[in-house]
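# Results of the structural survey
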Amino acid sequence: MISLRNRLALTYALFICASVLVVGVIINRFAEKLFANFVTENINTESREIADTITKQYDPWARSFDVASVEAMGMYFVHQGYIISVEDINGEIVWDARACDMQQCAMVINEISGRMENEFGVGGSFQTNRFRLAYRDMGIGYLNIDTYGPFFYSKTESAFLSSLNRFLLIAGGVFIILSILLSVFLAAEISRPVLRAAEAARRIAGGELSVRVPDGYETREIQELSRSVNDLATALENGERWQKRLTSNVAHELRTPLTCLQGNMEAMIDGVWEPSVERLSSCYEEIVRLNRLVEDLNRLSILEQKNLILHRTEFDLVKLINTAAERFRAAALEKGIAITVTNTGVVLVDGDYDRLTQVFINLISNAVKYTDRGSVTVTIVETQEYCEIRVADTGIGMEKEELPHVFERFYRSDKSRSRNTGGAGIGLTIVRTIVDAHGGRVGAESEAGKGSVFTVLLPVKTRGETVNQYP
Ligand code: ADP
């Protein structure tokens, strides 16, 4: 297959050659036409001058021409391509070039017609122009001038025209060679960034995801191409990084319960431990943990499907939150903390009831989980466009640098890991995914040792069944 560089070079070269050819032919034709007009005009002027010269050879006293002078002039004119004959007023031949020197005339005729036909492709024949000669208005005779017509070039003129054609040919040739060199250079210049982008794309496809196309090209299309290849590489790099982190996180989350189960089982099989109810319950708890992790992962993968359908209905959000809070009231009571939902009115929202229930279960569950004393307060405030729900607790809180990561998959703070609260770090990712699907936003504020506030903003007046836009 032909390369981009060669194709561009070939196209430029062909275009330039064709242009030079067309312009050259036009200039040549135009110059020849102009020159032919000029020469024709010249022949007419010279013919009149010849007539004047012959008239001057008339002797009015002798009432005849000076034949010797006419002959001298006539032979000179023959050499210039003008074959003349002079007659007196009665039509009697005074002097005739052909009669005087037939051989010379034939030579001139052959030479001119040969040059015009062979060199310039002008086919013609000798034509006669007849002039009446007069002395002081008195007719003294006639002059016949035979010239090659429609026009002819003298030796000097044909040499000039040949030089002009040669010059055009050489200039055209030089121009074509320079243009071909320039085409090759330009084609290489234009194709270089494309080739670089292609090379980068090839290396990226081969797994070198850190490769980037250098920026700084001035052509918009090339810039767009470079940017697209770089964006693609970044996306692939992020994807790969995410995949690696996911794999290592899943492995990490599975390892703890499996190691614990394996140890317990081995001890019981080897007879080191009696299979008591407590030990079997501990194994059972690990299995429950594993099951929860798999369920969470499954739920997340369903939520993150691009074309997830939300089953929207209109319902009272305050009621939904109260129902969700109710689930944790017993556990909270056990820890000595109170759960309060401030709004007692009705806040209607349009959304997926089950999925929004999941959101508040996760948030309230976290608040209870990470709070040892104090309270958990859920505030619901309705504005014109949004409904703002704040789940605040007085628990362990988080460090500032942890906040940007809390919504990432498998993120768990060191504190929460050490507490062995059982979470896998997926709960908040599920929250963000569901809220995003509803066209809302989530945020978190926290202070270590003082507590956290998780805020959910949901649009109030969205209706109908919507396709999840979550990227
Ligand atoms: P987990 O199942 O581990 O709770 P989440 O995704 O729900 O996973 O939360 C991620 C991490 O965010 C938790 O491990 C914890 O470190 C932190 N976190 C979430 N909610 C709170 C909270 N209310 N108070 C303090 N830390 C929290």
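The rules behind the values
- Residues numbered from 1 in each chain as written.
- Predicted model: local features only at pLDDT ≥ 70, side-chain atom pairs only at ≥ 80, totals over all residues.
- Heavy atoms only, no water.
- Helix = DSSP H or I, 4+ residues; strand = E, 2+ residues; numbered from the N terminus.
- Rg over C-alpha atoms; globule rule 2.2 N^0.38 Å.
- Buried < 20%, exposed > 50% of the residue type's maximum accessible area, 1.4 Å probe, protein only.
- Contact = heavy atoms within 4.5 Å.
- Near = heavy atom within 4 Å.
- Polar contact = N/O pair within 3.5 Å; in protein donor to acceptor, adjacent residues only side chain to side chain.
- Areas by Shrake-Rupley, 256 points an atom, 1.4 Å probe, with all protein chains shown as cover.
- Axes fitted to C-alpha atoms, helices over the stretch in contact; angles between N-to-C directions.
- Parallel < 35°, antiparallel > 145°, perpendicular 65-115°, else oblique.
- Left-handed = near helix turned anticlockwise from the far one by under 90°.
- Nonpolar A, V, L, I, M, F, W, Y, C, P; charged D, E, K, R; others polar.
- Pairing = 2+ DSSP bridges.
- Disulfide = S-S within 2.5 Å.
- Phe/Tyr/Trp six-rings, centres within 6.5 Å; stacked < 30°, edge-to-face > 60°.
- Lys NZ or Arg CZ within 6 Å of the ring centre and 35° of its normal.
- Salt bridge = Lys/Arg side-chain N within 4 Å of Asp/Glu carboxyl O.

## Some remarks on the overall build of the protein
The helix and strand inventory of the protein stands at 11 helices and 13 strands. Taken over C-alpha atoms, the radius of gyration comes to 53 Å for the protein, far larger than the 23 Å a tight globule of 471 residues would show. In terms of its C-alpha atoms, the protein occupies a principal-axis envelope of roughly 160 × 60 × 35 Å. Considering the protein as a whole, with its 471 residues, one finds that 38% of them fall into the buried category. Of the contacts made within the protein by residues no fewer than 6 positions apart, 71% connect residues no fewer than 24 positions apart.

## A few points about the site of the ligand
The immediate surroundings of the ligand are formed by 20 residues, with N366, Y370, D393, S413 and L428 found nearest. Interatomic distance of 3.3 Å between a side-chain N/O atom of K369 and an oxygen atom of the ligand. Here Y370 contributes a side-chain N or O atom positioned 2.9 Å from an oxygen atom of the ligand. Protein coverage of the free-state accessible area of the ligand, which is 520 Å², stands at 98%. Breaking the shell around the ligand down by element, the ones donating at least two residues are helix 9 (353-369), helix 11 (427-437) and strand 13 (451-459). The element that contributes the greatest number of residues to the shell around the ligand is helix 9, accounting for 3 residues.

## Let's talk about unusual backbone geometry
Even without being a glycine, R63 presents a positive backbone phi close to 50 degrees. Along the chain, the position of R63 falls in the loop between strand 1 (58-59) and strand 2 (64-65). Take R63: its relative accessible area is 63%, and that puts it in the exposed class. Despite not being glycine, R136 shows a phi value in the positive range, around 45 degrees. Looking at where R136 falls in the secondary structure, it is placed in the loop between strand 5 (125-135) and strand 6 (138-149).

## Structural notes on the packing of helix 6 (residues 220-269) against helix 7 (residues 277-303)
Interhelical geometry of helix 6 versus helix 7 gives an angle of 160 degrees and a closest axis separation of 10 Å. Relative to helix 7, the element helix 6 lies roughly antiparallel. Crossing angle aside, the handedness with which helix 6 passes helix 7 is left-handed. Seen from helix 6, the contacting residues are V250, E253, L254, T256, P257, L258, C260, L261, N264, M265 and M268; seen from helix 7, they are R279, L280, S282, C283, E286, I287, R289, L290, L293 and L297. For the contact of helix 6 with helix 7, a count of residues per class yields 14 nonpolar, 3 polar and 4 charged.

## Topic: the pairing of strand 9 (residues 348-352)
The element strand 9 is largely enclosed, with a buried count of 4 among its 5 residues. Strand direction decides the pairing type here: strand 7 (residues 312-316) and strand 9, joined by 5 bridges, are antiparallel. Residue pairing for strand 9: D316 is matched across the bridge by L348.

## Thoughts on the packing of helix 1 (residues 4-55) against helix 5 (residues 155-205)
The relative placement of two packed helices is expressed as an angle between their axes plus a distance between the axes. Interhelical geometry of helix 1 versus helix 5 gives an angle of 160 degrees and a closest axis separation of 8 Å. Comparing the axis directions of helix 1 and helix 5 gives the class roughly antiparallel. Seen along the crossing, helix 1 lies across helix 5 with a hand that is right-handed. A per-class count over the contact of helix 1 with helix 5 returns 25 nonpolar, 8 polar and 3 charged.

## Comments concerning the state of the cysteines
The final tally for this structure, using the stated rule, is 0 disulfides. The closest cysteine sulfur to the non-disulfide-bonded C260 is located on C283, 6.6 Å from its own sulfur. You can call C260 partly exposed: its relative accessible area is 27%.

## Brief notes about the packing of aromatic side chains
Enumeration over the complete set of coordinates arrives at 12 aromatic pairs. Taken together, a centroid distance of 5.0 Å and an interplanar angle of 80 degrees make the contact between F315 and Y353 edge-to-face. In this pair, F315 sits in strand 7 while Y353 sits in helix 9, placing the two residues 38 residues apart along the sequence. Assessed through its relative accessible area of 9%, F315 is described here as buried. In textbook terms, an aromatic cluster arises when at least three aromatic residues are bridged by ring pairs, as seen for F35, F38, F120, F151, Y153 and F160. The aromatic ring of Y142 is capped on one face by R130, whose charged end is 4.4 Å from the ring centroid.

## Observations concerning the pattern of salt bridges
Per the stated rule, a full pass over the model turns up 15 salt bridges. As a salt-bridge pair, R203 and E208 come within 2.8 Å of each other at their nearest N and O atoms. Taking the relative accessible area as the measure of exposure, R203 reaches 31% and is therefore partly exposed.

## Some thoughts on the environment of R355
Checked against the element boundaries, R355 lands in helix 9. From its side chain, R355 meets the backbone oxygen of I309 in a polar contact 3.4 Å long.

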